Amino acid sequence: MLKQIVAVVLLFSAVVQGLETIQCSNNRPVPQEVIIPGCSSLPCSVPNQSDFNFSVRFAPTFPTSSLTVDVRASLLGLFLPYEVPEHLRNGCNNINTSCPLTAGQSVTLTGNAPVEAPLTGVTVTMEFEITGDGGQVAVCFAATVTLT
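The shown structure was predicted, so the numbers you read here are calculated from the model rather than taken from an experiment. (Residues numbered from 1 in each chain as written. Predicted model: local features only at pLDDT ≥ 70, side-chain atom pairs only at ≥ 80, totals over all residues. Heavy atoms only, no water.)

1. Details of the sheet that holds strand β8 (residues 137-147)
And then number 1: Sheet architecture is open: five strands sit in the order β2-β8-β7-β4-β5, paired in mixed fashion. The sheet is open, and its two borders are formed by β2 (44-46) and β5 (78-80), each paired with just one other strand. The mean angle between the axes of side-by-side strands here comes to 40°, regardless of whether they run parallel or antiparallel.
And then number 2: Here nine bridges tie strand β7 (residues 123-131) to β8, and the two strands are oriented antiparallel to one another. Along β8, the bridge assignment pairs Phe128 with Phe141. (Pairing = 2+ DSSP bridges. Helix = DSSP H or I, 4+ residues; strand = E, 2+ residues; numbered from the N terminus. Axes fitted to C-alpha atoms, helices over the stretch in contact; angles between N-to-C directions.)

Here it is in structure tokens:
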């Protein structure tokens, strides 16, 4: 287990533009690289009423003809309602290639998630999960953002 944690840290450290993010629960697959423009360490500062821009590079371990993006937001352990915009939900529309994908094929998905919160000055955890056919998890990562 310790070797796996060290390997993940080294992977993120080796990527110059990558951001070390939070691993999702249940050992869901981690990305190869996450880039959040203007953010080099968590939490990222995001102005309220703006977009949270990101790109994530990953390689699904299974073939898939679809990619679905889901986002969950939480504040102090409480999940907040968050509806993923349609332009982001269909991940095949936001990758640097086209679906279908083969097992092990590295792709980069770029998206922007609107941030519209009733509060500012709070830190929220946003978890991004990308699934393929049948709901199989291709990648998952989380990032903390401070709403300004």
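Alright, that's what it looks like, and here's the rest.
2. Comments concerning the sheet that holds strand β3 (residues 50-58)
And then number 1: Strand order across the open sheet formed by three strands is β1-β3-β6, with antiparallel pairing between neighbours. Of all strands in the sheet, those bounded by a partner on one side alone are β1 (33-35) and β6 (107-115). If you compare each strand with its neighbour and ignore which way they point, the axes differ by 20° on average.
And then number 2: Where β1 meets β3, three bridges bridge the pair, whose relative direction is antiparallel. Residue pairing for β3: Ile35 is matched across the bridge by Ser55.

3. Digging into the confidence of the model for the protein chain
Reading predicted coordinates in detail is not appropriate for stretches of low pLDDT.
And then number 1: Mean pLDDT for the protein chain: 84, with 89% of residues reaching 70 or above.
And then number 2: Across the protein chain, the element-wise mean pLDDT spans from 32 in helix α1 (residues 2-14) up to 95 in β1.
And then number 3: Confidence drops under a pLDDT of 50 for residues 1-17, and excluding neighbours within four residues, the segment shows 12 contacts in the predicted structure. (pLDDT = per-residue confidence, 0-100. Contact = heavy atoms within 4.5 Å.)

4. Comments concerning the nonpolar core
And then number 1: By size, the foremost hydrophobic cluster in this structure holds 35 residues, and its most contacted members are Ile36, Phe52, Phe54 and Phe58.
And then number 2: Put simply, the parts of the chain that give this core at least two residues each are β2, β3, β4 (68-75), β6, β7 and β8.
And then number 3: No other element matches the six residues that β8 contributes to this core.
And then number 4: The residues touching Phe58, leaving out its near neighbours within four places in the chain, are Pro31, Gln32, Leu67, Gln105, Ser106, Val107, Leu109, Ile130, Ala138 and Val139. (Core = buried A, V, L, I, M, F, W, Y, C linked by side-chain atoms within 4.5 Å. Buried < 20%, exposed > 50% of the residue type's maximum accessible area, 1.4 Å probe, protein only.)

5. A short note on the state of the cysteines
And then number 1: Enumeration according to the criterion identifies three disulfides in this entry.
And then number 2: Between Cys24 and Cys140 runs a disulfide, and the two sulfur atoms are separated by 2.0 Å. The sign of the -80° torsion about the S-S bond sets the Cys24-Cys140 disulfide as left-handed. Note that Cys24 is positioned in the loop between α1 and β1 and Cys140 in strand β8, a separation of 116 residues in sequence. Exposure class is identical for Cys24 and Cys140. Each is buried.
And then number 3: Put simply, Cys39 and Cys44 are joined by a disulfide, and their sulfur atoms are 2.0 Å apart. Here the disulfide of Cys39 and Cys44 is left-handed, its torsion about the S-S bond being about -85°.
And then number 4: In the protein chain, the cysteines engaged in disulfides, taken in order along the sequence, are linked 1-6, 2-3, 4-5. (Disulfide = S-S within 2.5 Å.)

6. Concerning the side chain of Glu127
And then number 1: Structurally, Glu127 can be placed in strand β7.
And then number 2: Looking at Glu127, the relative accessible area reads 16%, which means it is buried.
And then number 3: A polar contact is formed between the side chain of Glu127 and the side chain of Arg28, at a distance of 3.4 Å.
And then number 4: If near-sequence neighbours (up to four positions away) are discounted, Glu127 is found in contact with Cys24, Arg28, Asp70, Val71, Arg72, Cys140, Phe141 and Ala142. (Polar contact = N/O pair within 3.5 Å; in protein donor to acceptor, adjacent residues only side chain to side chain.)

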